[in-house]
Amino acid sequence: MNSNPFDLAGRTALVTGASSGIGARLASVLAGAGARVVLGARRKAELEALAAGIVARGGAARAVALDVTDEASVIAAYDEAERVFGPVDTIVANAGIAVEGRATDLPVAEFDRLMAVNLRGVFLTVREGAKRLIANGSKEKENGRIVIISSITAKKAFRSSAVYAASKAGASMLGKSLALDWARLGVNVNMILPGYIATDLTSRLFTAPAGKELLESFPRRRLARESDLDGALLFLCSDAARRVTGAEIVIDDGQSL
Ligand code: NAD
């Protein structure tokens, strides 16, 4: 028996939206725990640099061009991952975007753009991953691990984030429902719900007066950090979580209390 239940040696992970912020951090954490990691996003140059950093630290990483809104691109990314590292057993559906402004001012094209990444993109990513896991015998191996990066906005209403929140609530419920559908097929689906973290996604929000007011309203008056998600991710991707599926883990420093 492996004495470290969070050891990911022998696993192959695909992380979407790995070119910056939370995705870049999570990919590097998985690699540090021994997984072979495929980094997917649209910005290939950033991904190549991150993959090179992981390899320089002794890990195994590959950058693949990926647009999660495009089914053919999702399929091609899994094909490349399999060609390089073999079947993917760990999927982190992290790619996501935000739109700004009041709902009354929001062009419908922005609504569609956000849903295409945050909901359709998650669906395409996890569906393709699960299809391949099931075809590769996950039912017997019980080795499928899917983690969806949702948000505390899936649970609590915040000002001016209706469409983003709806996409995240949708992604969470998609994950819970698929956890049920795939429960007897060896594929666990869990959600991490981060609180507000300083990344490219939120940088403008917290320099504006409304963002500063929001920050002051948090119990600890501070943002969470990307590294706060490390432990939950390792747990959910590991053998320790073999009987954890359909769970939502909130990591927000109390922001949603
Ligand atoms: P970020 O902007 O730094 O990262 C988003 C990543 O998604 C980038 O790598 C971007 O290139 C990628 N991406 C966007 N559209 C894509 C597409 N069509 N195909 C492939 N990749 C695409 O932001 P982040 O804060 O690191 O966000 C990562 C995830 O965490 C998102 O799902 C976001 O909703 C979620 N989240 C963020 C916060 C926060 O406060 N930062 C809080 C809760 C949840």
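Coordinates for the structure precede this section.
Described in the following lines is the structure provided in the data block. Being a predicted model, the structure only gives us computed values, none of them experimental. Position numbers for residues count from 1 along each chain, tracking the sequence in the order it is written. Side-chain atom pairs in this predicted model are given and counted only at pLDDT of 80 or more, local residue features only at pLDDT of at least 70, and totals for whole chains, interfaces and linings cover all residues. To get the side-chain values, all heavy atoms of the structure are used, and hydrogens and water are removed first.

Details of the side chain of Asp-89
Reasoning step 1: Tracing the backbone shows Asp-89 in the loop between helix 3 (71-85) and strand 4 (90-93).
Reasoning step 2: Relative accessibility thresholds used throughout: buried, under 20% of the residue-type maximum; exposed, over 50%; partly exposed, between the two (1.4 Å probe, protein chains only). Asp-89 sits in the buried class, given a relative accessible area of 10%.
Reasoning step 3: Any two residues whose heavy atoms approach within 4.5 Å at even a single point are treated as in contact. If we ignore the near neighbours within four places in the chain, the residues touching Asp-89 are Gly-10, Arg-11, Thr-12, Leu-133, Asn-143, Gly-144 and Arg-145. Comment: elements are numbered from the N terminus, with helices defined as DSSP H or I runs of at least four residues and strands as E runs of at least two.

Concerning the packing of aromatic side chains
Reasoning step 1: Side-chain rings of Phe, Tyr and Trp, where Trp is taken by its six-membered ring, are said to pair if the distance between their centres is within 6.5 Å; with planes under 30 degrees apart they count as stacked, over 60 as edge-to-face, and otherwise as tilted. The final tally for this structure, using the stated rule, is three aromatic pairs.
Reasoning step 2: Their ring planes at 80° and their centres at 5.6 Å tell us that Tyr-196 and Phe-206 sit as a pair that is edge-to-face. With a gap of 10 residues between them, Tyr-196 in the loop between strand 6 (187-194) and helix 7 (209-217) and Phe-206 in the loop between strand 6 and helix 7 connect regions that are remote in the sequence.
Reasoning step 3: Its relative accessible area of 11% is what places Tyr-196 among the buried residues.
Reasoning step 4: Given the relative accessible area of 11%, Phe-206 is considered buried.
Reasoning step 5: Between the aromatic rings of Tyr-196 and Phe-218, the centroid separation amounts to 5.8 Å while the plane-to-plane angle is 25°, which identifies the pairing as stacked.

Some remarks on the side chain of Ser-167
Reasoning step 1: One can find Ser-167 in helix 6 (residues 162-181).
Reasoning step 2: Here Asn-118 takes part through its side chain, which lies 3.1 Å from a polar atom of the side chain of Ser-167.
Reasoning step 3: Ignoring sequence-local partners within four residues, the contact set of Ser-167 consists of Leu-114, Met-115, Asn-118 and Leu-119. Each polar contact in these results corresponds to two N or O atoms within 3.5 Å; when the atoms are within protein, one needs to be able to donate a hydrogen and the other to accept it, and residues that are neighboring in sequence are counted only if both atoms are side-chain atoms.

A short note on the sheet that holds strand 5 (residues 144-149)
Reasoning step 1: Read across the open sheet, the seven strands follow the order 3-2-1-4-5-6-7; overall the sheet is parallel. The open sheet has two free edges, formed respectively by strand 3 (60-65) and strand 7 (248-251), since each of these has just one partner strand. Taken over all neighbouring pairs, the strand axes of this sheet differ in orientation by 20° on average, direction set aside.
Reasoning step 2: The pairing of strand 5 with strand 6 spans six bridges and is parallel. In the strand pairing of strand 6, Arg-145 is matched with Asn-188. Pairing between two strands requires that DSSP report at least two bridges joining them. The axes used here are C-alpha line fits, helices contributing only the stretch in contact, and every angle between their N-to-C directions lies in the interval 0 to 180 degrees.

Examining the site of the ligand
Reasoning step 1: Of all residues adjacent to the ligand, which total 31 residues, the nearest are Ser-19, Asn-94, Tyr-164, Ile-197 and Thr-199.
Reasoning step 2: In the model, an oxygen atom of the ligand is placed 2.9 Å from a nitrogen or oxygen of the Ser-20 side chain.
Reasoning step 3: Within the backbone of Ile-22, one N or O atom sits 2.8 Å away from an oxygen atom of the ligand.
Reasoning step 4: Protein chains shield 96% of the accessible area of the ligand, which is 820 Å² for the free molecule.
Reasoning step 5: Polarity classes work like this: nonpolar for Ala, Val, Leu, Ile, Met, Phe, Trp, Tyr, Cys and Pro, charged for Asp, Glu, Lys and Arg, and polar for all others, with Gly in that last group. Split into classes, the residues belonging to the shell around the ligand amount to 14 nonpolar, 12 polar and five charged. Nearness is defined per residue: one heavy atom within 4 Å of the molecule or strand is enough. Note on areas: these come from Shrake-Rupley sampling with a 1.4 Å probe, and a residue is covered only by the protein chains present in the view.

Some words on the environment of Gly-144
Reasoning step 1: Along the chain, Gly-144 falls in strand 5.
Reasoning step 2: Judged by its relative accessible area of 0%, Gly-144 falls in the buried class.
Reasoning step 3: For the pair Gly-144 and Val-88, spaced 56 residues apart in sequence, the C-alpha separation works out to 8.7 Å.

Describing the nonpolar core
Reasoning step 1: Only buried Ala, Val, Leu, Ile, Met, Phe, Trp, Tyr and Cys residues count toward a nonpolar core, and they belong to the same one when joined by side-chain atoms within 4.5 Å. Counting 38 residues, the largest nonpolar core has Leu-114, Val-126, Ile-146, Ile-148, Trp-182 and Val-189 as the members making the most contacts within it.
Reasoning step 2: Elements represented by at least two residues in this core include exactly helix 3, strand 4, helix 4 (108-135), strand 5, helix 6 and strand 6.
Reasoning step 3: The greatest single-element share of this core, amounting to eight residues, is contributed by helix 4.
Reasoning step 4: With residues up to four places along the chain from it excluded, the contact list for Trp-182 reads Val-126, Arg-127, Ala-130, Ile-134, Ile-146, Val-187 and Val-189.
Reasoning step 5: In this structure, Ala-35, Leu-233, Leu-236 and Val-244 belong to the second largest nonpolar core, which totals 35 residues.

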